[in-house]
Amino acid sequence: SQNIQAAESAIQDLYLSPQRDFLAQDISTSKLEAAKSKVQALGGWSGYRLMQDYQAAEARYQAIQALDQLYASDQALIQGNQVNHKAKLAEGVTAETVKTIAGNESVTKVGKQDALGQAIQELIAEADQVFSLKDKVTAAISDLSLGTSTKRRWTRMWPLSRPSSKISKRLRLIPMLRT
């Protein structure tokens, strides 16, 4: 029937291509709502099937919106099939924020079975990597920030035991890290 074709067309218009991996470049909440109202007007199996398709598109849209909380960029994070890997983390984002977004219902619903899902997971992994790297650097600095008192102790013990070359290299780095 015409209603089914109109609803199918509205769902397809939400996507960039017939493969239904990336969303259309001009996707918006109003476009989603228009498609939803066409699908809701249907009943039976067609209505059910198309509602599943609509919900998949909506989850993708919401997952991209959730990602926008992690990154600050004047360009869209994901627009069509273009993924902005150069975006910087938004101010105030913490490792906890990244975990929350990774566990977001829409993000988990999209999964990583297709190109958009993989792009979303990559952006979350990139944000997570920043925090794991930050944690490693912080741990290394706190290991090194034993500071000058340790250096003096070794100087006094110098004839008895030489610090390993690794430790002496670390000690030479301490003044640079503090500036």
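Note that the coordinates shown come from a computational prediction; the quantities given were computed from them, not determined experimentally.

Let's talk about helix H1 (residues 2–12)
Along H1, the positions that sit buried rather than exposed are Ala7, Ala10 and Ile11. The buried residues of H1 all sit within an arc of 100 degrees when viewed along its axis, so they share a single face. Those residues of H1 that are exposed and aimed more than 90 degrees away from the buried face are Gln2 and Gln5. The secondary structure elements touched by the buried residues of H1 are helix H2 (29–40) and helix H3 (44–67). In this structure Ser1 caps H1, since a side-chain oxygen of it lies 3.4 Å from the backbone nitrogen of Asn3.

Thoughts on the packing of H3 against helix H6 (residues 115–144)
The N-to-C vectors of H3 and H6 enclose an angle of 20 degrees; their axes lie 11 Å apart at closest approach. Classified by the interaxial angle, the pair formed by H3 and H6 is roughly parallel. Crossing of H3 against H6: the hand is left-handed. Residues Arg60, Ala63, Ile64 and Leu67 of H3 pack against Leu116, Ile120, Leu123 and Ile124 of H6. Partitioning the contact of H3 with H6 into residue classes produces 7 nonpolar, no polar and 1 charged.

Some points on the pattern of salt bridges
Counting across every chain of the model gives 4 salt bridges. For the salt bridge of Glu8 with Arg49, the shortest nitrogen-to-oxygen distance reads 3.1 Å. On the criterion of sequence distance, the pair formed by Glu8 in helix H1 and Arg49 in helix H3 is long-range, its members being 41 residues apart. Looking at Arg49, the relative accessible area reads 29%, which means it is partly exposed. The residue Asp53 makes a salt bridge to Arg20 at a minimum N-O spacing of 3.2 Å. Of the two residues, Asp53 sits in helix H3 while Arg20 sits in the loop between H1 and H2, which places them 33 residues apart along the sequence.

Conventions we followed
Residues numbered from 1 in each chain as written. Predicted model: local features only at pLDDT ≥ 70, side-chain atom pairs only at ≥ 80, totals over all residues. Heavy atoms only, no water. Buried < 20%, exposed > 50% of the residue type's maximum accessible area, 1.4 Å probe, protein only. Helix = DSSP H or I, 4+ residues; strand = E, 2+ residues; numbered from the N terminus. Arc of directions from axis to C-beta. Contact = heavy atoms within 4.5 Å. Polar contact = N/O pair within 3.5 Å; in protein donor to acceptor, adjacent residues only side chain to side chain. Axes fitted to C-alpha atoms, helices over the stretch in contact; angles between N-to-C directions. Parallel < 35°, antiparallel > 145°, perpendicular 65-115°, else oblique. Left-handed = near helix turned anticlockwise from the far one by under 90°. Nonpolar A, V, L, I, M, F, W, Y, C, P; charged D, E, K, R; others polar. Salt bridge = Lys/Arg side-chain N within 4 Å of Asp/Glu carboxyl O.

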